[in-house]
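# Breakdown of the fold
This is what each chain is made of:
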Amino acid sequence: MPKPMYRSNSFKKSIRVTRTGRNVVHYRRAKNSMPHCAICMQELNGISLSPSGGKSRRTNNRLFGGVLCARCTADVIKLGSRVERGDMKLSDIGMKQRAFVLQLVAH
Ligand SMILES: [Zn+2]
């Protein structure tokens, strides 16, 4: 039975045969998955998973960068300005977009 820490699914198993013919199981940490857009679940572009470099090298430096994709950000900004002008009510906006529109209008 593996150690309790290796029973997590964030460890990947690889079975190796040593030079003496013994079968051993090696464990390594699974890679982090790519971040996805919070609205449409599309994989985000312009994101680097490597920890090197500054924050602006690792994510995009726009409104909701690293959280929403470019298309959904544009939609949220559009809906936010419509709500601010009074052309649209918050109740007309879908649940997923409403949270981000509220953040935008609050500023
Ligand atoms: Zn999106």
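Scroll up to find the structure.
For the structure given in this document, a descriptive report is provided here. (Residues numbered from 1 in each chain as written. Predicted model: local features only at pLDDT ≥ 70, side-chain atom pairs only at ≥ 80, totals over all residues. Heavy atoms only, no water.)

## Regarding helix α2 (residues 70-85)
For α2, spanning 16 residues, the distance from its first C-alpha to its last is 23 Å, which sits close to the expected 22 Å at 1.5 Å a residue. Those residues of α2 that fall on the buried side of the exposure criterion are Cys72, Thr73, Val76, Leu79, Gly80 and Val83. Down the axis of α2, the sector holding all buried residues measures 130 degrees, keeping them to one side. For α2, exposure combined with an orientation more than 90 degrees from the buried face picks out Arg71 and Arg85. Check the buried side of α2 and you find it contacts α3 (95-106). (Helix = DSSP H or I, 4+ residues; strand = E, 2+ residues; numbered from the N terminus. Expected span 1.5 Å × (residues − 1). Buried < 20%, exposed > 50% of the residue type's maximum accessible area, 1.4 Å probe, protein only. Arc of directions from axis to C-beta. Contact = heavy atoms within 4.5 Å.)

## So, the coordination of the zinc ion
The zinc ion binds to the protein through Cys37 (SG), Cys40 (SG), Cys69 (SG) and Cys72 (SG), with metal-donor distances spanning 2.2 to 2.3 Å. Geometry at the zinc ion is tetrahedral, judged from the 4 donor atoms that bind it and their angles of 100 to 115 degrees at the metal. Mapped onto the polypeptide sequence, the residues donating to the zinc ion form the spacing pattern C-x2-C-x28-C-x2-C. Taken together, the positions of Cys40 in the loop between β2 (23-29) and α1 (55-58) and Cys72 in helix α2 put the pair 32 residues apart, joining distant regions of the chain. (Donors = N, O, S within 2.8 Å, 3.2 Å for Na, K, Ca; no water. Tetrahedral: all angles 85-135°; square planar, octahedral: opposite > 155°, others 65-115°.)

## Let's talk about the pairing of strand β1 (residues 11-17)
As judged from the 7 bridges shared by β1 and β2, these two strands associate in the antiparallel manner. Across the sheet, Ser14 pairs through a bridge with His26, a residue of β2. (Pairing = 2+ DSSP bridges.)

## Considerations on the packing of aromatic side chains
Under the counting rule described, the total for this entry stands at 3 aromatic pairs. Seen in terms of ring centroids, Tyr6 and Phe11 are 5.1 Å apart; in terms of plane orientation they differ by 85 degrees. Their pairing is edge-to-face. Residue classification places Phe11 among the buried residues on the basis of a relative accessible area of 14%. Look at Tyr6 and Tyr27: their rings are 4.3 Å apart centre to centre, the planes differ by 10 degrees, and that puts the pair in the stacked class. Residue Tyr6 is located in the segment before β1, and its partner Tyr27 is located in strand β2; the two are separated by 21 residues in the primary sequence. Using a relative accessible area of 26% as the deciding quantity, one classes Tyr6 as partly exposed. With relative accessibility at 24%, the residue Tyr27 sits in the partly exposed group. (Phe/Tyr/Trp six-rings, centres within 6.5 Å; stacked < 30°, edge-to-face > 60°.)

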